[in-house]
Amino acid sequence: MRRPGSPVSLLAVVVLLSMVLDSAWLLTQEQQDLPTVKPDSSLNVKFDPKTTRLTWDCKQNTTYGECVLIHKEKGLIKKKVKDNECHCTFPDCSLHGGVTLTVQVNVNQRRLSERLVYSNPGREGTAARNFSCVIYDADFMNCSWAKGRAAPDDVQYFLYTRSKKRIERECPHYLKDSGTHVGCHLRDLSGLTSYTYFLVNGTSQETGIQFFDSFLLLKEIERYNAPDNITVHCNESHCLIRWEQPRTRQARSNREFQYQLDIQRWHGTSSGRNQLIVVFGDSGNRYSFPKPGPKAKHTVKIRTADARKARWGAWSRPVEFGSEEPESSLVHVYILVVLGTLVCGLTLSCLFKRGDPERLLQVAARHLGSRIATTGCGDGNTCHVLTPRTDLKQKPCHFPWLPEPLATSWGA
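Quick look at the structure, then. (Residues numbered from 1 in each chain as written. Predicted model: local features only at pLDDT ≥ 70, side-chain atom pairs only at ≥ 80, totals over all residues. Heavy atoms only, no water.)

### Structural notes on the sheet that holds strand 4 (residues 75-81)
We apply this condition: Pairing between two strands requires that DSSP report at least two bridges joining them. In this text, helices come from DSSP runs of H or I with a minimum length of four residues, and strands from runs of E with a minimum of two, each type numbered from the N-terminal end. To obtain an axis, a line is fitted to C-alpha atoms, over the contacting stretch when the element is a helix, and the angle between two such axes runs from 0 to 180 degrees between their N-to-C directions.
Read from one edge of the open sheet, four strands run 4-3-6-7, paired in antiparallel fashion. Lying at the two open borders of the sheet, with one neighbouring strand each, are strand 4 and strand 7 (110-118). The mean angle between the axes of side-by-side strands here comes to 15 degrees, regardless of whether they run parallel or antiparallel. Direction of pairing for strand 3 (residues 62-71) relative to strand 6 (residues 99-107): antiparallel, over a ladder of nine bridges. When the sheet's bridge partners are listed, cysteine 67 is paired in strand 6 with valine 103.

In C-alpha cells, the structure reads:
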C-alpha cells in the first residue's frame, strides 16, 4: 500500500490538474470565438408609425443586420439590412393592435440586438369600432363607425386618409350623432389611390383615446350601379337581352364583372318570380333564352357585382317585353263574329216569319255575293237559284246554315 505523499501519487495529481487546466483554456477560446452582446450596449431603436420606418444609432463596421416586425394578423415580417445602414422600412399594415419590432446587427463581429414594443396609446375600448366604407355612383364614398364602448361622453373622432404618396387628408364632411362624428362623406375621390390608408383617432378631456386604422383596397369596397342601356329584342323563337357595363371609378374590363338577371312573368297586378340568372361579363353582356308565349308580358331587371366577390348593387328599373295585345285582338274578332252571326240569324228569322221569301232571297244574295236566276222547276212552278258572282274582288261570306247553291220553289 502506497502512502499519500509518495512520488507516484504526486505525479498522478499533477497529470490530473494539467488536464483540467487544458479543458478550461479550450472552453475559454471557444467562447471568445462566438458573438456576444455587450451588457451596456444600446441601439436606441425608434419607430415612426406614419412611415413604418425603424431606425437606430449607427455603429462602426456594421456588416450584417435584420429587422423583424411581429404583427397580430400578418405574423412575422422580416427585412434585411444592408451593410452600414441603420434603418429599415416595413410594408404598410394596420397598427391599432400593436406590433413588436426587433433589430439585430453585427458590429465588429459582435451581435447587437434590441427589441421595441409599439402599443396603441389611450384607454382600452375607447377607439372607434365597426369601421366600414363604401363607394357608390363611381364618384362618392361614405365611411361610418361607432363610438367605442369605453369612450367618454365628450369623445370626438376624426378621419384621415393617406395615399401611397403619404399625402394625408382629413374628412371634409362629417356625419354626426348627438354631436359626435360617426361618419364621413367624400364627394371627391381624386386624391385616393387604389390602396388607401384610413385612420380614425380621437380626443377627450377625460382620458386618452385609442386610434383605429385600416388599409382598404378601393376596388373591393365599390358598389357598382346597375347596367346601362338594357334592351330586349325577340324573334319567333328567342329573346336577346343586351346591356352595357356600368360606369365605375376606374376603367375595368368586362371579365371583372358579373350580372344577375331577374326575369318575371306578369299576371295582372301580381308577378311570378323565376330563378335568378347569373351571367359573367366575358359573355359579351348578353343573354339569350327561348321566347315566352305571345300572350304573356315579361319584365327583366339586372344588377352588378365584382366577378370575384358577389357584393351586389341596386337593381335596374324593370324593362318590359312581350305583350298581351295579340290575345286581346283575337278576342275582339271572336266577339264580332258571334255578334254578326246573331244579327244575321235574327234577320233571317224575322223575314221567314213575315212570309216574304223573295226579300229573304235578296238579303241572302247580298250577303253571299250571288246572283238570282229564275228558272222553271219542271212541275209548273218557278225556281229561284242563287249563283255565285265571279266579278267580285272579295270572297263572299260563307254561312254554314245556308246550302250552296240555294234554290227555292213556290207556286206561281
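### Some remarks on empty space enclosed by the protein
Counted only if it meets this: Cavity means a closed set of points on a 1 Å grid over the protein atoms alone, one where a 1.4 Å probe fits but cannot get out, pocket means an open set with protein on both sides within 12 Å along at least 5 of 7 lines, and lining means a residue has an atom within 4 Å of a point. Grid points are joined across faces, edges and corners, and a volume is the space filled by probe spheres set on the points. In this classification, Asp, Glu, Lys and Arg are treated as charged, Ala, Val, Leu, Ile, Met, Phe, Trp, Tyr, Cys and Pro as nonpolar, and every other residue, Gly included, as polar. For the purposes of this description, domain bounds are those given by an automatic or database domain assignment.
Applying the stated criterion across every chain yields a total of three cavities of 30 Å³ or more. No other element matches strand 14 (residues 195-203), which puts three residues into the lining of the largest cavity. For the lining of the largest cavity, the residue count by class is three nonpolar, two polar and four charged. In this structure, the second largest cavity spans a volume of roughly 40 Å³. Residue composition of the lining of the second largest cavity, grouped by class: five nonpolar, one polar and five charged. Three or more residues apiece are contributed to the lining of the second largest cavity by two domains, here domain 1 (46-118) and domain 2 (129-220).

### Structural notes on the state of the cysteines
The cut-off we apply is this: Here, a disulfide means two cysteine sulfur atoms that sit within 2.5 Å of each other. A simple rule labels every residue: compare its accessible area, found with a 1.4 Å probe on the protein chains alone, to the largest value its type can have, and call it buried under 20%, exposed over 50%, or partly exposed in between.
Tallied over the full model, the rule gives five disulfides. The side chain of cysteine 171 participates in a disulfide bridge whose partner is cysteine 184; the two sulfur atoms lie 2.0 Å from each other. Since a negative S-S torsion denotes a left-handed disulfide, the cysteine 171-cysteine 184 link at about 105 degrees is right-handed. On the criterion of sequence distance, the pair formed by cysteine 171 in the loop between strand 11 (168-170) and strand 12 (174-177) and cysteine 184 in strand 13 (residues 180-186) is long-range, its members being 13 residues apart. Summarising the burial analysis for this pair, cysteine 171 and cysteine 184 share the class buried. Each sulfur in the disulfide pair cysteine 234 and cysteine 239 lies 1.9 Å from the other.

### Some points on a nonpolar patch on the surface
Note the threshold: Surface patches are drawn from residues lacking salt bridges whose relative accessible area is over 30%; two like charges belong together within 9 Å, two nonpolar side chains (Val, Leu, Ile, Met, Phe, Trp, Tyr) within 5 Å. Calculation of accessible area relied on Shrake-Rupley with a 1.4 Å probe; when residues are assessed, cover is drawn exclusively from the protein chains displayed. Whenever Lys or Arg places a side-chain nitrogen within 4 Å of a carboxyl oxygen from Asp or Glu, that contact is recorded as a salt bridge.
Taken together, the side chains of Ile335, Leu336, Val338, Leu339 and Leu342 define a hydrophobic patch exposed on the protein surface, amounting to about 480 Å² of accessible area. The topology assignment puts leucine 336 in helix 3 (residues 325-354).

### Describing the packing of aromatic side chains
Each pair of aromatic rings is reported with the distance of its centres and the angle of its planes. The following threshold applies: Geometry of aromatic contacts follows a simple scheme: Phe, Tyr and Trp rings, the Trp one being its six-membered ring, pair when their centres are within 6.5 Å, and the pair is stacked under 30 degrees between planes, edge-to-face over 60, tilted otherwise. Any Lys NZ or Arg CZ that is within 6 Å of a ring centre and within 35 degrees of that ring's normal is treated as a charge sitting over the ring.
Inspection of every chain in the model, using the stated rule, returns 13 aromatic pairs. When the centroid spacing of 6.3 Å and the interplanar angle of 20 degrees are considered together, the rings of phenylalanine 257 and tyrosine 259 count as stacked. Neither residue differs from the other here; phenylalanine 257 and tyrosine 259 are each classed as buried. Ring geometry for phenylalanine 289 and phenylalanine 321: centres 6.0 Å apart, planes at 70 degrees, overall edge-to-face. In this pair, phenylalanine 289 sits in strand 21 (residues 286-290) while phenylalanine 321 sits in strand 23 (residues 319-321), placing the two residues 32 residues apart along the sequence. What makes phenylalanine 289 buried here is its relative accessible area of 11%. In this structure phenylalanine 321 comes out as buried when scored by relative accessible area, which is 5%. Among the aromatic residues, those joined into a cluster by ring pairs are Phe131, Trp145, Phe198 and Phe212. Its end group placed over the ring of tryptophan 315, lysine 301 keeps NZ or CZ at 5.4 Å from the ring centre.

### Some thoughts on the pairing of strand 17 (residues 238-244)
The alternating pattern of strand 17 places Cys239, Ile241 and Trp243 on a buried face and His238, Leu240, Arg242 and Glu244 on a face that is not buried. The pairing of strand 16 (residues 228-234) with strand 17 spans five bridges and is antiparallel. Following the sheet pairing, threonine 231 is matched in strand 17 by arginine 242. Hairpin connection from strand 16 to strand 17: three residues lie between these consecutive antiparallel strands. Sheet analysis places strand 17 next to strand 21, joined by five bridges and oriented antiparallel. The residue bridging histidine 238 from the neighbouring strand is proline 290, located in strand 21.

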